[in-house]
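Architecture at a glance
So you can see what is in the structure, the chains are spelled out below.
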Amino acid sequence: SPKSESPSSSPSCSSTNKKTLGSLLCEWVPQYIELKTKEGADGDCCPPEFHPKVPFSWQVSGIKPPLSTPLLDLWRALSHPDNFLYISIRAEDGA
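Everything quoted here is computed from the prediction, not taken from an experiment. (Residues numbered from 1 in each chain as written. Predicted model: local features only at pLDDT ≥ 70, side-chain atom pairs only at ≥ 80, totals over all residues. Heavy atoms only, no water.)

**Details of the nonpolar core**
The nonpolar side chains of soluble globular proteins are, as a tendency, buried together. Among the nonpolar cores identified, the biggest contains 15 residues, and L21, L25, I33, F56, W58, L67 and L74 are the most heavily contacted of them. Of all the elements in the fold, those that place two or more residues in this core are α1 (21–28), β3 (56–60) and α2 (71–78). Take this core: its biggest share by element is four residues, from α1. Each residue touching W58, except ones within four places of it in the same chain, is listed here: L21, L25, I63, K64, P65, L67, S88 and I89. (Core = buried A, V, L, I, M, F, W, Y, C linked by side-chain atoms within 4.5 Å. Buried < 20%, exposed > 50% of the residue type's maximum accessible area, 1.4 Å probe, protein only. Helix = DSSP H or I, 4+ residues; strand = E, 2+ residues; numbered from the N terminus. Contact = heavy atoms within 4.5 Å.)

**Looking at the side chain of T69**
Looking at the element boundaries, T69 is found in the loop between β3 and α2. Since its relative accessible area comes to 15%, T69 is described here as buried. A polar contact is formed between the side chain of T69 and the backbone oxygen of P66, at a distance of 2.8 Å. Setting aside residues no more than four positions away along its own chain, T69 makes contact with T20, L21 and L74. (Polar contact = N/O pair within 3.5 Å; in protein donor to acceptor, adjacent residues only side chain to side chain.)

**Examining the environment of S88**
Along the polypeptide, S88 turns up in strand β4 (residues 87–91). Assessed through its relative accessible area of 44%, S88 is described here as partly exposed. For the pair S88 and G62, spaced 26 residues apart in sequence, the C-alpha separation works out to 8.7 Å. Contact partners of S88, with chain neighbours within four places excluded, come to S57, W58 and Q59.

**Re the environment of H80**
Relative to the assigned elements, H80 resides in the loop between α2 and β4. Given a relative accessible area of 35%, H80 falls into the partly exposed group. The spatial distance from the C-alpha of H80 to the C-alpha of S61 is 8.5 Å, given a sequence separation of 19 residues. If near-sequence neighbours (up to four positions away) are discounted, H80 is found in contact with S61 and Y86.

The following block contains the structure:
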């Protein structure tokens, strides 16, 4: 069967491996954003930090949610009747 070349992602039910808006953007548009993780003093992993590589903006159904928002939560709250979650990104002019 033919393989799709478009990025695909299915939200994870695991609380330790929740895909967020930021992690999705890191996968789909790595030229705009990168993920940096740190390890805490006790060896636990700290929450991920997302760092833009270039100025850009994003919206999901007309709002700008935090990059730490789980995709499943966004989909449940903002998906359209066709069950798609529309995410728009736009490169901005540099300063």
